[in-house]
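One letter stands for each residue in the lines below.
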Amino acid sequence: MYTRCNVLKNIVQNFITSNSYSRFIRFQSSTTTITADTLQNSNSNTKNRHYTEDVFLDLTTEYNRRRFVRSGLISNAIKNVNNNISERLSLLILTAAARCIHHVTPDKRVQLLEEAWKTLNDKKVRLTTRHYETYLSGLNENGFIFDADYYLKLIDNEQIQATPRLYSLLLTQYCREGNTDRAQNFLKMLKERNVSIDEDIFAALIVCQLKLGNDKGANDITQIMKERGLQPTISTYKEILTALISEHKLEQFEYYFGQIESQQRQTSSSSSSTVYIDAHFVVILLGQCISYKERPIFDLLLNTLKELDHGRMPNNLFNLAIQCVTNEWHESAIELLQMQSEADIIDEETSPYQGINGRHWILFFRQLLDNNEPHLIDIYLKLMMEKNLVPLDGILRVLYTTPNENYHLALNYLERGQELNHPMRTNYFYPILLNIYSLKTCENWTDNDRLRLFRLLDRLSIPIESSTYSKLIQQVFHQYYQNNFNSLLNMLSKNNLQSILDRICRLLLNDIRRNMLHLNVIEQIAPFFRLNTRSRQEEFSRYLFSTMTGISPKSDEYIDDEIDKNSQTKSMNDYTTIFQLINSISKNLSNDIPMLKHEIYIHLLRFSAQQRRTDLTLRLAEQCIKDNIKIGGSMNEIDILTSYTLLRDIVEQLARYKPGELSWKEKLSTINLQKVNRQQLEELYQEAKQDGKYPLNLQQRLLDNYIQKKSLQKAFTLLHEMVSNRHQIHSSVLHRLFNLITVRLDDKSDASKAEYREDLKFLCDLYEKSFGLINLPSELTFRLAHMYLLNGDQDNAITILSNKLNSKLNNEIYYYLIKFLQLDSSLLTTDGLTTIGNLFLNFRINEPIRKFWNLFFDILLEKTSPQDVVQYFSDAMRENSNIPYLHLFKLFIEKNELNRLQDIVDIATLQHGSRNVLHDLAFTLIESGKIKQAEKIFQTPWLKARNSRINLHALLFADSNNLDALIEAIKLTRNLPGVNQSQLFTSAIRVALRLDQSDMIDWLIKEIQENRIQLDIRIKKYLDAHLLSKGLDPLNVKTYENENKNEKDSTSSSSDDDDDHVPIHQDQHKISAQN
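Residues numbered from 1 in each chain as written. Predicted model: local features only at pLDDT ≥ 70, side-chain atom pairs only at ≥ 80, totals over all residues. Heavy atoms only, no water.

**Observations regarding the overall build of the protein chain**
Basically, it comes down to this: Here a strand is any run of E in DSSP of at least two residues, a helix any run of H or I of at least four, and the numbering for each starts at the N terminus. The buried label applies to any residue whose accessible area, calculated with a 1.4 Å probe on protein chains only, is under 20% of its type's maximum; exposed applies above 50%, and partly exposed to all values in between. We call two residues contacting when some pair of their heavy atoms lies within 4.5 Å.
Broken down by element type, the protein chain carries 56 helices and four strands. Burial statistics for the protein chain: of 1075 residues in total, 50% are counted as buried. Within the protein chain, counting contacts between residues at least 6 apart in sequence, those at least 24 apart form 68% of the total.

Set out below in structure tokens:
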């Protein structure tokens, strides 16, 4: 039947044109609505009738094609309803309003449905049972709660023949409200009217129980239903599942959905089974999920739909995708459209990206634009790129084919696609190029818009195809610029859009060669064609030669002599124009490319010889003689270049050297570069430059000589020439140049090389491009940072230091960093200094890092206030709790900044505990000579000895030979609970022996004997020898091995306080001015 229908459809389409077919349909539609009254007034109402018929025809067509109707079309149809409308059309309006407007919310569909119902009643249209069923089911499906009692009375008053389906809709409304009493009364009424209780009514009762949360009651009703011989149908399950969706009950939904599957399996052998899950059923439930915004059940059903046969329902998938947009379920919309694509795709070739060319994608993006929601396209661009889709195909097709043709919006989406790494095609840009340069629309675009377009084109491998340019763009392009392309070329050059700039230059040169542009345009192109490279010089010369051959006369024996003479005169004039252009271009670019004119004529002579254009070769040679251009070093070179076509006297005039005279090449091959003096090298190099040659070995020898003699200016002039000729320079040569242009970190007053700022920048750029500045030797890195500071460029100095320190930190780098800070502390700003400090926040604290922080805080305190130092220390401690603070104690004690000292103590206490910090503070006070303040700290009642801290400071005092501090520490700590003074005495004896303090040694021996102090075994041997020399007995005290005891601890042992952490009150360790 389906095949037969398609055959008939094809026959109709083949034999009836589209217009006549439309008129035929319109005639069929109109004949059903003609009445006697309209026949009498046909002349006055013809126009209105045709408009009405067109609206209904459009509504019918859209509904039949896609089951998708625009809300505006339904509104127009409602406005054109009259009392003569057919039952089919009135039902169509209600159905479309309830189920076919997918781009709006359910509330909007209910609003249109009620408007249509009210209009049908106002126009006295005869309403049947089907009308009521369609209207009430539409309200139900869109989740609208209506007054069932009102419609029951209305049905009775209008004498509508109620069906079980209609009664079930009313009962469902009671059940959805959870109104069990009213539902029971309604059932009694049905029984009185002898209405049979079918599956739909049972479904409504089950829904009622589920709404009340009574799952057992729902199962009981199902059992009663089966006892009466009724099996749940798919319609029954639809009502149940819809109610569960509206209540957002996922578990119960899965249970009943599983019942359908089990019932389907049980009745699979029976051909009359009416309970089965197909794609259409799942699509209906998906629509309900969207209406009630139930996402978990939606995802479950969507996965089920993927496993079913959905290939024959593309319109349903498309409509679901449109509904997903209203809920902002954009990823689900893409999945649905992708499912539709997969059903239509033919895998012709493997590609990482899936094209978006299908009709449904076009309709989808068009719908987003029609609904004035272009911002959503940006969201879909990103989401679809994450799924390896290529959405710009469909988006741009919509934008380029809409009536308003919003090209600005297309440019915005192209930029967004570029940001998302969307694959770009050249044909994306051609409509915008045409619009942006068309005389009718160019006023709508600004230069900034054109720049945005060219930025996108610059990233394409082939920005503009030659064939497309010549067919579509060339004419409007020329008309817009009127032979003056300077503004375009300057804009592209200033914004570094080199790829598109090269492409446009080549297209314009081709236009000149084909006589479509004036010759003078070449002079506009030349500065932007990068003629400093040999390949570009050759390419440019080839374009010139093609232009010259295009204007040269062709020999023809039948041409009249006078005509031939006139053509030759014209050709000569054109040649003269080209020669004048070469002179002008070479003069304008002489500073950057001094040998450009020489190179162009060499290429032109070679091309003419290769093409066997003897006339052009002779003309070019004469022009070279006229301009005093020497082509080659010797006559033999010129003969080879011109294929021996020139006369000897012309060759002699073109040659730089006379017969028998050695050329620079011959001289270079015969001399020893290592033994020739600098003057001879420079003379030989100048001869080579006149010939347009830059021999690398000669350049290297000269550069080595300039570096040895410290000739900075000559060295960098030669370096520029070597780079311009694309010679690779060894890193060791660049290191020597860095050493030459920077100053040593030992010489603080040397600022003589600061004037070579541009040369230094060029050298840095060259090294970065070739090897990377991060690989520069450490000393040169810090010398370069020093030069940046001398030149007032702190940002670059900090950047190069950051890169070096983040790559690795060894003793060499640490050594030069300390020298750098000592030398340039006055040049660094506070921000620059703190930036360097921040680089060390993640390093583990060791002795070199500790010394760095000591120097850092010294410099920071010189540059800013003590309060700022405290603030920085507080911020640093949040990043690394092991930042050393002993030096800060010493600084603020020396500066007598007791309030700031208290702040540091408070911050350190939070990280390291009170006992550690108080010990550190007390020993720092001892070192600074503040004995009374230290004594008060050690007399704190709750303070117990932290022996690891005492041993640490004993070693630190010993390293600095501070015997007085050790003696005071011994005196002040002897009464601390749990103290072990072994390391203090050991360190004091070592320092006393080192300083040869006999009196102090005797005092220490006395204290050791009295307090029975345990000593290092090696120290005891020294003391025993000292006592024996005085005729005294050796010490009788215990000893220990130093290898396993009293090693230097870290300053920031935060775990030391875990055993007996004492809560500190603010006044217990306050360092006030009274102390």
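**Details of helix α8 (residues 129–141)**
The cut-off we apply is this: Take the residue count of a helix, subtract one, and multiply by 1.5 Å to get its expected span.
Between its first and last C-alpha atoms α8 spans 18 Å; for 13 residues at 1.5 Å apiece the expected length is 18 Å, and the two agree. Of the residues making up α8, those classed as buried are Thr129, His131, Tyr132, Glu133, Thr134, Tyr135, Leu136, Ser137, Gly138, Leu139, Asn140 and Glu141. Of the residues flanking the end of α8, it is Gly143, one or two places downstream, whose phi is positive at about 75°.

**As for the confidence of the model for the protein chain**
Put simply, the test is: As a per-residue quantity, pLDDT reports the predictor's confidence and falls between 0 and 100.
For the protein chain, the mean per-residue pLDDT works out to 79, and 84% of the residues sit at or above 70. Overall, residues 345–357 carries pLDDT values under 50, and its contacts beyond four positions in sequence, including any with other chains, amount to 25 contacts. Here residues 552–559 is modelled with pLDDT under 50, and outside its nearest four sequence neighbours on either side it reaches eight contacts, counting other chains as well.

**Some words on unusual backbone geometry**
Phi at Lys710 is positive, roughly 60°, even though this residue is not glycine. One can find Lys710 in the loop between α38 (696–708) and α39 (712–724). Backbone geometry places Asp996, a non-glycine residue, at a positive phi of 60°. Position of Asp996 relative to the elements: it lies in the loop between α54 (982–995) and α55 (998–1011).

**Overview of the packing of aromatic side chains**
Remark: the centre distance and the inter-plane angle together describe each pair of aromatic rings, the angle taken between the planes. Heads up, the rule is: Any pair of Phe, Tyr and Trp rings, taking the six-membered ring for Trp, is counted once the centres come within 6.5 Å. Such a pair is stacked with planes under 30 degrees apart, edge-to-face with planes over 60 apart, and tilted for the rest. In our convention, an over-ring charge means Lys NZ or Arg CZ found within 6 Å of a ring centre and within 35 degrees of that ring's normal.
Scanning all chains against the criterion turns up 34 aromatic pairs. Between Trp117 and Tyr132, the ring centres sit 4.9 Å apart and the planes meet at 75°, which makes this aromatic pair edge-to-face. You can see Trp117 sitting in helix α7 (residues 106–122) and its partner Tyr132 sitting in helix α8, a full 15 residues away along the chain. Both residues of the pair, Trp117 and Tyr132, count as buried. Taken together, the ring pairs connect Phe840, Phe843, Phe852, Trp853, Phe856, Phe857, Tyr872 and Phe873 into an aromatic cluster. Positioned above the aromatic ring of Phe529, the side-chain terminus of Arg536 is 5.0 Å from the ring centre.

**Topic: helix α51 (residues 931–938)**
Put simply, the test is: By construction, the arc corresponds to the directions joining the helix axis to the C-beta atoms.
Within α51 the residues assigned to the buried category are Ala934, Ile937 and Phe938. An end-on view of α51 places all buried positions within 95° of arc, on one side of the element. As for α51, its buried residues are in contact with α50 (914–927) and α53 (963–973).

**Some points on the environment of Gly143**
Along the polypeptide, Gly143 turns up in the loop between α8 and α9 (148–157). Judged by its relative accessible area of 30%, Gly143 is partly exposed. Put simply, Gly143 and Pro106 are 37 residues apart on the chain and 7.6 Å apart in space, counted from C-alpha to C-alpha.

**Considering the pattern of salt bridges**
Test applied: The term salt bridge refers to a pairing of a side-chain nitrogen on Lys or Arg with a carboxyl oxygen on Asp or Glu at a separation within 4 Å.
Counted by the stated rule, this structure contains 28 salt bridges. Put simply, Asp122 and Lys118 hold a salt bridge, and the shortest N to O gap is 3.0 Å. Of this pair, Asp122 and Lys118 both sit in helix α7, four residues apart, roughly one helical turn. Of the charged contacts, one joins Asp615 and Arg613 as a salt bridge, the two residues approaching to 3.2 Å between their closest N and O atoms. Residue Asp615 is classed as partly exposed on the basis of its relative accessible area, which comes to 43%. Three or more residues joined by partner-sharing salt bridges are found here, namely Asp502, Arg506, Arg530, Arg536 and Glu539.

**What to know about the packing of helix α14 (residues 234–246) against helix α16 (residues 279–291)**
How two helices pack is summed up by the angle between their axes together with the distance between the axes. Heads up, the condition is: An axis is simply a line fitted to the C-alpha atoms; with a helix, the fit covers only the stretch in contact. Between two such axes, the angle follows the N-to-C directions and lies from 0 to 180 degrees. Here the angle decides the label: under 35 degrees means roughly parallel, over 145 means roughly antiparallel, 65 to 115 means roughly perpendicular, and every other value means oblique. Handedness of each helix crossing follows the sense of rotation of the near helix against the far helix: counterclockwise by less than a right angle gives left-handed, clockwise gives right-handed. In the scheme used here, Gly and all other residues not listed as nonpolar or charged are polar, with Ala, Val, Leu, Ile, Met, Phe, Trp, Tyr, Cys and Pro taken as nonpolar and Asp, Glu, Lys and Arg as charged.
Interaxial distance between α14 and α16 falls to 10 Å at its minimum, and their mutual angle equals 25°. Considering the angle they form, α14 stands roughly parallel to α16. Crossing of α14 over α16 shows right-handed handedness. Counting all contacts with α14, which are made through Ile234, Lys238, Leu241, Thr242 and Ile245, the residues of α16 involved are Phe281, Ile284, Leu285, Gln288 and Cys289. In terms of residue class, the contact of α14 with α16 is made up of seven nonpolar, two polar and one charged.

**Thoughts on the packing of α38 against helix α40 (residues 731–741)**
Running from amino to carboxyl end, α38 crosses α40 at an angle of 25°, the nearest separation of the two axes being 10 Å. When the interaxial angle is binned, α38 and α40 end up roughly parallel. Taken as a pair, α38 and α40 cross one another with a handedness that is left-handed. Residues Leu703, Asp704, Ile707 and Gln708 of α38 lie in contact with α40, whose contacting residues are Val733, Arg736, Leu737 and Leu740. Residue composition of the contact of α38 with α40, grouped by class: five nonpolar, one polar and two charged.

**As for the side chain of His603**
With respect to the helices and strands, His603 occurs in helix α32 (residues 596–610). With relative accessibility at 9%, the residue His603 sits in the buried group. Once residues lying within four places of it in the same chain are set aside, the contact partners of His603 are Arg534, Gln537, Glu538 and Ser541.

**Points about the environment of Leu604**
Summarising the element assignment, Leu604 is placed in helix α32. A C-alpha to C-alpha distance of 9.8 Å links Leu604 and Met548, two positions 56 residues apart in sequence.

**Looking at the state of the cysteines**
Under the convention used in this document: Working definition: a disulfide is two cysteine sulfur atoms within 2.5 Å of each other.
Tallied over the entire structure, the rule returns zero disulfides. This cysteine, Cys324, is not joined by any disulfide, and Cys289 carries the nearest cysteine sulfur, 9.8 Å off. For Cys324, a relative accessible area of 0% puts it in the buried group.

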